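Here are the chains, one letter per residue:
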Amino acid sequence: MLGVSPDDTLDTIRKAYRQAAKAWHPDLHPDAPEAEERFKEAAAAWEVLSDPARRAGYDEAAGRQARGQVDPAYVELVATSVERAQDWLDRGVLPQVAARWRGH
């Protein structure tokens, strides 16, 4: 929302917040229905990032999310498997494959 990075200082974050707040203040944009929501998002971001404890929690959660990204090769492998299963289903082979997989 604020366009800041995890390494930015509090002063940089404060400047980004002020800029966003000014850009989206509902009083300055009375005809823009999204202005109030964006203004609230900027305020919420500032509330978290200006508090050292809350910022640490946010950074930790963001790091976990980044580490949980799926390897593109794995996505390709799953896509190929799904396509193969669809082909087997279309050809009527899937019940035989499923039975074999179950050991029947």
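Here goes a summary of the coordinates provided.

Cut-offs and rules
Residues numbered from 1 in each chain as written. Predicted model: local features only at pLDDT ≥ 70, side-chain atom pairs only at ≥ 80, totals over all residues. Heavy atoms only, no water. Helix = DSSP H or I, 4+ residues; strand = E, 2+ residues; numbered from the N terminus. Buried < 20%, exposed > 50% of the residue type's maximum accessible area, 1.4 Å probe, protein only. Contact = heavy atoms within 4.5 Å. Areas by Shrake-Rupley, 256 points an atom, 1.4 Å probe, with all protein chains shown as cover. Polar contact = N/O pair within 3.5 Å; in protein donor to acceptor, adjacent residues only side chain to side chain. Core = buried A, V, L, I, M, F, W, Y, C linked by side-chain atoms within 4.5 Å. Salt bridge = Lys/Arg side-chain N within 4 Å of Asp/Glu carboxyl O.

Observations concerning the overall build of the chain
(1) Moving on: Within the chain, the secondary structure is distributed over five helices and zero strands.
(2) Moving on: Starting at the N terminus, the α and β elements of the chain follow one another as α-α-α-α-α.
(3) Moving on: Every one of the 104 residues in the chain was classed for burial, and the buried ones make up 12%.
(4) Moving on: For the chain, restricting intrachain contacts to residue pairs at least 6 apart in sequence, the fraction spanning at least 24 positions comes to 42%.
(5) Moving on: Total accessible area on the chain stands at roughly 8,300 Å², and carbon and sulfur atoms take up 54% of it.

Considering the side chain of Arg55
(1) Moving on: Residue position: Arg55 is located in helix H3 (residues 52–67).
(2) Moving on: When its relative accessible area of 15% is taken as the criterion, Arg55 is described as buried.
(3) Moving on: Of the polar contacts made by the side chain of Arg55, one reaches the backbone oxygen of Pro6; its length is 2.9 Å.
(4) Moving on: With near-sequence residues (within four places) excluded, Arg55 lies in contact with Ser5, Pro6, Asp7, Asp8, Thr9, Leu10, Ile13, Val48 and Leu49.

Thoughts on the nonpolar core
(1) Moving on: The biggest cluster of nonpolar side chains holds 10 residues, and these are Leu2, Ile13, Ala16, Tyr17, Ala20, Ala21, Ala42, Ala45, Trp46 and Leu49.
(2) Moving on: Mapped by element, the contributors of at least two residues to this core are helix H1 (10–24) and helix H2 (33–49).
(3) Moving on: Of all the elements, H1 adds the most residues to this core, at five residues.
(4) Moving on: Excluding residues within four positions of it along the chain, Tyr17 makes contact with Leu2, Ala42, Ala43 and Trp46.

Notes on helix H5 (residues 94–101)
(1) Moving on: Of all eight residues in H5, zero are buried; the element is thus mostly exposed.
(2) Moving on: Directly beyond the C-terminal end of H5, a positive phi value near 90° is found at Gly103.

Observations concerning the pattern of salt bridges
(1) Moving on: Going through the model one piece at a time under the given rule, you end up with seven salt bridges.
(2) Moving on: The partner of Lys40 in a salt bridge is Glu36, and the shortest N-O contact between them spans 3.3 Å. You can see Lys40 and its partner Glu36 sitting in helix H2, four residues apart, about one turn around the helix.
(3) Moving on: For Glu36, a relative accessible area of 42% corresponds to the partly exposed category.
(4) Moving on: Asp87 serves as the salt-bridge partner of Arg91, at 3.6 Å between the closest nitrogen and oxygen. Linking Arg91 with Asp87, this pair stays in helix H4 (residues 72–91), spanning four residues, or about one helical turn.
(5) Moving on: Since its relative accessible area comes to 55%, Arg91 is described here as exposed.
(6) Moving on: On the basis of relative accessible area, Asp87 is assigned to the partly exposed category, the value being 35%.
(7) Moving on: Here the salt bridges share partners, and the residues they tie into one network are Asp11, Arg14 and Lys15.

Some details on the environment of Ala56
(1) Moving on: With respect to the element layout, Ala56 can be found in helix H3.
(2) Moving on: Note on Ala56: relative accessible area 45%, which makes it partly exposed.
(3) Moving on: Spatially, the C-alpha atom of Ala56 lies 9.7 Å from that of Pro6, the residues being 50 residues apart in sequence.

Limitation: the analysis is restricted to geometry and does not speak to function.
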